[in-house]
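Single-letter residue listing:
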Amino acid sequence: MSTPATAGRGSITHVIFDMDGLLLDTEKFYTEVQEIILARFNKTFDWSLKAKMMGRKAIEAARIFVDESGISDSLSAEDFLVEREAMLQELFPTSELMPGASRLIKHLHAKNIPICIATGTHTRHFDLKTQRHKELFSLMHHIVRGDDPEVKQGKPAPDGFLAASRRFKDGPVDPQKVLVFEDAPSGVLAAKNARMNVVMVPDPRLDISHQDVADQIMTSLLDFKPEEWAKDWSVGKEFKELILVYVVTFEWDGLTKMGQDYSYSQPSSSSNSRHDLPS
Ligand SMILES: O=P(O)(O)OC[C@H](O)CO
Ligand SMILES: [Mg+2]
């Protein structure tokens, strides 16, 4: 894990989350259906093409897919979207959270840090992906989707992150005080184009050259240390003592739940896979 840049270190007040591949383990669905479609043309889908597509609005990613894979004479971007739609609609309702997503969202919400989502995905797919996670997503102050009228251009344009910043209470927020979490190269560039701080949680199969732009790289959200970005984000000593008195006095069961708190968490770097970690 690299050290955070100094720009926003210690002064972050607001957080914007990406969704696909960052909070939800949905990038694997896009990969799966694109592999199936390219196999029909005796071609293979690789991670250099994946890197160019991920994070973008659907039609923008579709154009890249048919052009770069050399099938645009046989399949238009629009027809590609139609062909993959039925497969995606079956897969999206099974979407699972990425490791550490639930813990981080709940922690920041409990600390009254304003949090929101800026995703390239449009509303219809958003609803399918999040239907099993409504309670967690309800903790977001607001959600900006790819089909939002204020998002004229998808990532790497800054439109989504700037719209998200404007919709916070008393927004727009000073971009130096905003921390973005992203998994996609286009998303990291979008955050930087919005002059915000960005933590990247890349899929390990992405080429390492995509890690040059972010302020911090992590293998998992489980590795995030809130106190590195804002002094008052970790649970204070006095608060911990107060809680300890409460649980010992009133609720012994609550003591075991304290073990899930950030202050007691274990680093995940010894794991072989980001997908086998507890969330
Ligand atoms: O990564 P997101 O949340 O911006 O979503 C973008 C596309 O839907 C998937 O790459
Ligand atoms: Mg993403």
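What you are looking at is a predicted structure, and each value in this text was computed from that prediction instead of being measured. (Residues numbered from 1 in each chain as written. Chains lettered and ligands numbered in written order. Predicted model: local features only at pLDDT ≥ 70, side-chain atom pairs only at ≥ 80, totals over all residues. Heavy atoms only, no water.)

**Student:** How should I be thinking about the pattern of salt bridges in this particular structure?
**Tutor:** A side chain with one charge may pair with a side chain of the opposite charge, provided their charged atoms come close. For the structure on display, the rule yields 14 salt bridges. Of the charged contacts, one joins Arg40 and Glu83 as a salt bridge, the two residues approaching to 2.6 Å between their closest N and O atoms. Highlighted residues: Arg40 in the loop between helix H1 (27–39) and helix H2 (47–53) and Glu83 in helix H4 (residues 77–91), separated in sequence by 43 residues. For Lys52, the salt bridge is made with Glu68, and the minimal N-O distance between the two is 2.8 Å. Of the two residues, Lys52 sits in helix H2 while Glu68 sits in helix H3 (residues 58–68), which places them 16 residues apart along the sequence. Connected via shared salt-bridge partners are Asp148, Glu150, Arg166 and Arg167. (Salt bridge = Lys/Arg side-chain N within 4 Å of Asp/Glu carboxyl O. Helix = DSSP H or I, 4+ residues; strand = E, 2+ residues; numbered from the N terminus.)

**Student:** Sorry if this is basic, but what is going on with the packing of H4 against helix H6 (residues 123–130) here?
**Tutor:** The relative placement of two packed helices comes down to the angle between their axes together with the axis-to-axis distance. Remark: H4 packs on H6, axes separated minimally by 9 Å, with the N-to-C direction vectors making an angle of 30 degrees. When the axis of H4 is compared with that of H6, the two are roughly parallel. Across the interface between the two elements, Glu85, Leu88 and Gln89 of H4 pack against Arg124, His125 and Leu128 of H6. Its residues assigned to classes, the contact of H4 with H6 comprises 2 nonpolar, 2 polar and 2 charged. (Axes fitted to C-alpha atoms, helices over the stretch in contact; angles between N-to-C directions. Parallel < 35°, antiparallel > 145°, perpendicular 65-115°, else oblique. Contact = heavy atoms within 4.5 Å. Nonpolar A, V, L, I, M, F, W, Y, C, P; charged D, E, K, R; others polar.)

**Student:** Please clarify how the site of ligand 1 should be interpreted in this entry.
**Tutor:** Near ligand 1 there are 13 residues, and of these Asp18, Asp20, Glu27, Thr119 and Gly120 occur at the shortest range. Gly55 places a polar main-chain atom, nitrogen or oxygen, 2.9 Å from an oxygen atom of ligand 1. Contact distances for ligand 1 include 2.7 Å between an oxygen atom and a backbone N or O atom of Gly120. The protein chains hide 95% of the 300 Å² of surface that ligand 1 would expose on its own. In the shell around ligand 1, the residues fall into 3 nonpolar, 4 polar and 6 charged. (Near = heavy atom within 4 Å. Polar contact = N/O pair within 3.5 Å; in protein donor to acceptor, adjacent residues only side chain to side chain. Areas by Shrake-Rupley, 256 points an atom, 1.4 Å probe, with all protein chains shown as cover.)

**Student:** How should the confidence of the model for the protein chain be read in this particular structure?
**Tutor:** Detail in the predicted coordinates should be disregarded across regions flagged by low pLDDT. Considering every residue of the protein chain, the mean pLDDT works out to 86; 81% of them sit at 70 or more. Between residues 246–259, whose pLDDT stays under 50, and residues either more than four places distant or in other chains, the model counts 9 contacts. Segment residues 264–279: pLDDT under 50, and 31 contacts once partners within four positions in sequence are set aside and those in other chains are kept. (pLDDT = per-residue confidence, 0-100.)

**Student:** Can you help me understand the coordination of the magnesium ion (ligand 2) in this one?
**Tutor:** Each pair of donors in an ideal octahedron of six around a metal sits at 90 or 180 degrees, and each pair in an ideal tetrahedron of four sits at 109.5 degrees. The protein atoms that coordinate the magnesium ion (ligand 2) are Asp18 (OD), Asp20 (O) and Asp183 (OD), at distances spanning 2.1 to 2.2 Å. When the donors of the magnesium ion (ligand 2) are listed by position in the chain, the intervening gaps give D-x1-D-x162-D. In this pair, Asp20 is assigned in the loop between strand S1 (14–17) and H1 and Asp183 in the loop between strand S4 (178–182) and helix H9 (185–193), connecting sequence segments 163 residues apart. Judged by relative accessible area, Asp20 falls into the buried class, the value being 8%. Given the relative accessible area of 3%, Asp183 is considered buried. (Donors = N, O, S within 2.8 Å, 3.2 Å for Na, K, Ca; no water. Buried < 20%, exposed > 50% of the residue type's maximum accessible area, 1.4 Å probe, protein only.)

**Student:** Hey, could you run me through the packing of H1 against H4 in this one?
**Tutor:** At a minimum axis distance of 10 Å, the contact between H1 and H4 shows a crossing angle of 135 degrees. Considering their axes alone, H1 and H4 lie oblique with respect to each other. The crossing of H1 and H4 is right-handed. Taken together, the residues of H4 that come into contact with H1 (itself represented by Phe29, Tyr30, Glu32, Val33, Gln34, Ile36 and Ile37) are Phe80, Glu83, Arg84, Met87, Leu88 and Leu91. The class makeup of the residues in the contact of H1 with H4 is 9 nonpolar, 1 polar and 3 charged. (Left-handed = near helix turned anticlockwise from the far one by under 90°.)

**Student:** So what exactly am I meant to see when it comes to unusual backbone geometry here?
**Tutor:** The phi torsion of most residues other than glycine is negative, and most of the peptide bonds are trans. Along the chain, Lys155 connects to Pro156 via a cis peptide bond; the corresponding omega equals 20 degrees. Of note, Pro156 is situated in the loop between strand S3 (143–144) and helix H8 (159–166). The amide bond that connects Gly171 to the next residue, Pro172, takes the cis arrangement and shows omega of 0 degrees. Here Pro172 is to be found in the loop between H8 and S4. Although it is not a glycine, Asn112 adopts a positive phi angle of roughly 60 degrees. In this fold, Asn112 is placed in the loop between helix H5 (101–110) and strand S2 (115–118). Its identity as a non-glycine residue notwithstanding, Arg195 has a phi of 65 degrees, on the positive side.

**Student:** Please explain the side chain of Lys155 as it appears in this structure.
**Tutor:** Along the chain, Lys155 falls in the loop between S3 and H8. According to the relative accessible area criterion, Lys155 is buried, its value standing at 8%. Reaching out from Lys155, the side chain makes a polar contact with the side chain of Glu182 at a distance of 2.7 Å. Not counting the four nearest positions on each side in its chain, Lys155 is found in contact with Asp18, Gly55, Arg56, Glu60, Ala118, Thr119, Gly120, Phe161, Glu182, Ser186, Gly187 and Ala190.

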